[in-house]
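Breakdown of the fold
Listed here are the chains, written in short residue letters.
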Amino acid sequence: MPSFARLGLITLAATLATGCSVLQEDKIDYKTAQRGSTLEVPPDLTQLSRDSRYNVPGSVVTASGYQSAQPAQASDSTTAVNSVGDVRIERAGNQRWLVIDRPADKLWGPVRDFWQENGFLLELDQEKLGVMETDWAENRAKLPQDFIRSTIGKVFDNLYSTGERDKFRTRLERNPAGGTEIYISHRGMIEVYTSTQKDQTIWQPRPSDVELETEFLRRLMVKLGVSEVQSKAIAASAPPQAAARVATVNNQPVVQLEDGFDRAWRRVGLSLDRTGFTVEDRDRTQGVYFVRYVPATATTDTKKPGFFGRLFGGSAAEPTPAKYRVVVRGGNDTSSTVSVLNAQGQPDTTANAQRIIQLLADDLK
């Protein structure tokens with residue numbers, strides 16, 4: 001057979017094989033950044049590690065406090081939406097989380113393996129604190145699957161980019177019954193042009209993707225022993241519950257939730273993870289999250305280096321974050337109020353406090 005004919009058959013076979021793989025390709029296919037490279041993000045979007053893995057209701061949440069804390073009460077009155085075996089999913093507004101009747105130390109290894117199997121490296125892996133966080137990764141399934149991409153693009157894969165990056169934070173908390181609650185929060189970045197000539201770009205935050213969080217919770221259920229069919233049914237059947245609304249109490253902006261304290265505390269914690277606050281500490285007895293916050297205008301107005309400089313280590317001056325206290329107060333078994341105090345613990349009515357309240361309200365809906 002002539003060489004050009006043989007080459008044509010090989011190319012055709014490769015194209016057909018590639019086409020089959022594209023048809024079967026999942027909608028999620030993450031590829032992490034190369035080890036040693038970094039994606040610059042707006043300042044203060046990386047979380048500190050002073051979180052606690054074992055948040056036992058009724059105790060101050062510190063690592064030392066957990067060692068001596070013992071569950072004293074039964075689980076709160078939240079209702080499981082659906083479950084299979086010892087795994088169930090709960091939902092409030094647009095937030096979901098898993099409740100597993102297994103101790104946290106038995107789940108840490110499988111959860112770590114889960115993220116690595118899905119194409120991520122872990123930037124934060126602190127079992128004692130119950131927090132792990134992936135690096136910034138790209139969902140390659142979003143790339144256009146045309147002929148060139150399906151053939152040559154497989155060889156020069158790094159020439160293609162979606163212009164988006166995703167990071168996921170997983171928090172494991174022990175409940176009073178001896179089980180574990182698992183929260184997955186998403187943060188996203190998008191690359192945008194800074195000029196009409198389209199010769200410079202910057203990375204900016206984009207909204208958290210609730211569907212991505214739900215999909216990874218569903219996949220994690222499969223990792224923990226739930227079947228594909230059961231996991232899809234559970235994730236789809238969780239009904240929406242209490243929403244959130246902004247109000248003014250004593251001339252101070254607040255978020256009002258139709259949830260008791262226990263559920264409101266969990267929802268606010270997940271919302272802070274999602275929206276990129278740095279949680280320095282938390283005191284569940286007082287209902288206080290100690291956070292750092294950088295206004296969005298401070299992060300997006302900062303001049304950035306070029307694309308490759310940002311992607312591989314370039315940096316820019318960072319604005320100074322301000323410290324606040326996000327306070328959750330339970331009114332009764334069916335309502336709670338979230339407010340913002342300054343670093344000294346005084347009511348805050350500044351524009352930043354109003355922005356924080358609005359961010360939380362938008363995410364808690």
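This text follows the structure it describes.
Residues numbered from 1 in each chain as written. Predicted model: local features only at pLDDT ≥ 70, side-chain atom pairs only at ≥ 80, totals over all residues. Heavy atoms only, no water.

With respect to the overall build of the chain
Check the secondary structure of the chain and you find 10 helices and 16 strands. Here the chain holds 365 residues, and 46% of them are scored as buried. For the chain, long-range pairs separated by at least 24 residues make up 65% of all intrachain contacts whose partners lie at least 6 apart in sequence. Looking at the chain as shown, the accessible area adds up to about 17,600 Å², and 53% of this sits on carbon and sulfur atoms. (Helix = DSSP H or I, 4+ residues; strand = E, 2+ residues; numbered from the N terminus. Buried < 20%, exposed > 50% of the residue type's maximum accessible area, 1.4 Å probe, protein only. Contact = heavy atoms within 4.5 Å. Areas by Shrake-Rupley, 256 points an atom, 1.4 Å probe, with all protein chains shown as cover.)

Comments concerning unusual backbone geometry
Located in the positive-phi region is N250, a residue other than glycine, with phi close to 55 degrees. Checked against the element boundaries, N250 lands in the loop between β11 (244–249) and β12 (252–257). Backbone geometry places N251, a non-glycine residue, at a positive phi of 65 degrees. Turning to its location among the elements, N251 is positioned in the loop between β11 and β12. Note on N251: relative accessible area 69%, which makes it exposed.

What to know about the pattern of salt bridges
One pass over the full model with this rule turns up 30 salt bridges. The partner of R263 in a salt bridge is E90, and the shortest N-O contact between them spans 3.6 Å. In this pair, R263 is assigned in helix α7 (residues 261–274) and E90 in strand β3 (residues 87–92), connecting sequence segments 173 residues apart. Classification of E90 by relative accessible area gives buried; the value is 1%. If you follow the salt bridges from partner to partner, you end up with E123, E133, K167, R169, R171, E173, R187, D273 and R282 in one network. (Salt bridge = Lys/Arg side-chain N within 4 Å of Asp/Glu carboxyl O.)

Re the nonpolar core
The biggest cluster of nonpolar side chains holds 26 residues, and the ones touching the most others in it are Y30, L98, W115, F168, I182, F216 and L220. Where this core is concerned, the elements lending two or more residues are β3, β4 (95–100), α3 (104–117), β8 (164–174), β9 (180–193) and α5 (210–223). Contact partners of F168, with chain neighbours within four places excluded, come to Y30, W115, F120, M132, E133, T134, I184, S185, H186, L212 and F216. Membership of the second largest hydrophobic core comes to 23 residues, among which are A244, Y324, V340 and I356. (Core = buried A, V, L, I, M, F, W, Y, C linked by side-chain atoms within 4.5 Å.)

Overview of the packing of α3 against α5
Each packed pair of helices is defined by two parameters, the angle between the axes and the distance between the axes. For the pair α3 and α5, the least separation of the axes is 10 Å and the interaxial angle reads 120 degrees. When the axis of α3 is compared with that of α5, the two are oblique. Where α3 crosses over α5, the two elements pack in a sense that is right-handed. In this structure, α3 contributes P110, V111, D113, F114, W115 and E117 to the contact, and α5 contributes F216, R219, L220 and K223. Per-class residue counts for the contact of α3 with α5 are 6 nonpolar, no polar and 4 charged. (Axes fitted to C-alpha atoms, helices over the stretch in contact; angles between N-to-C directions. Parallel < 35°, antiparallel > 145°, perpendicular 65-115°, else oblique. Left-handed = near helix turned anticlockwise from the far one by under 90°. Nonpolar A, V, L, I, M, F, W, Y, C, P; charged D, E, K, R; others polar.)

What about the packing of aromatic side chains?
In the structure shown here, the tally under the stated rule is 16 aromatic pairs. Ring geometry for Y30 versus F120: centroids 4.8 Å apart, planes at 35 degrees, classification tilted. Of the two residues, Y30 sits in strand β1 (residues 30–32) while F120 sits in the loop between α3 and β5 (122–126), which places them 90 residues apart along the sequence. Just as Y30 is buried, F120 falls in that class too. Measuring from centroid to centroid gives 6.4 Å for Y293 and Y324, while their planes differ by 70 degrees, and the two rings are edge-to-face. Here Y293, found in strand β14 (residues 288–293), pairs with Y324, found in strand β15 (residues 322–332); they are 31 residues apart in sequence, far enough to count as distant. Across the pair, exposure class does not vary: Y293 and Y324 are buried alike. Ring pairs connect the aromatic residues Y30, F114, W115, F120, F168 and F216, which therefore count as one cluster. Between the NZ or CZ atom of R171 and the centre of the ring of Y183, over which it lies, the distance is 4.6 Å. Of note, R219 hangs over the ring of F216, and the distance from its end group to the ring centre comes to 6.0 Å. (Phe/Tyr/Trp six-rings, centres within 6.5 Å; stacked < 30°, edge-to-face > 60°. Lys NZ or Arg CZ within 6 Å of the ring centre and 35° of its normal.)

Focus on the pairing of strand β13 (residues 278–283)
With 5 of 6 residues buried, β13 is to be regarded as a mostly interior element. Looking at chain direction, β13 and β14 are connected through 5 bridges and run antiparallel. Across the sheet, D281 pairs through a bridge with F290, a residue of β14. With antiparallel pairing between neighbouring strands as the criterion, β13 and β14 make up a hairpin whose turn holds 4 residues, including G287 at a positive phi of roughly 70 degrees. (Pairing = 2+ DSSP bridges.)

Notes on helix α10 (residues 351–364)
If you check α10, its first and last C-alpha atoms are 20 Å apart, about what 14 residues at 1.5 Å a residue would give, namely 20 Å. Among the residues of α10, those classed as buried are N352, A353, I356, I357, L360, A361, D363 and L364. (Expected span 1.5 Å × (residues − 1).)

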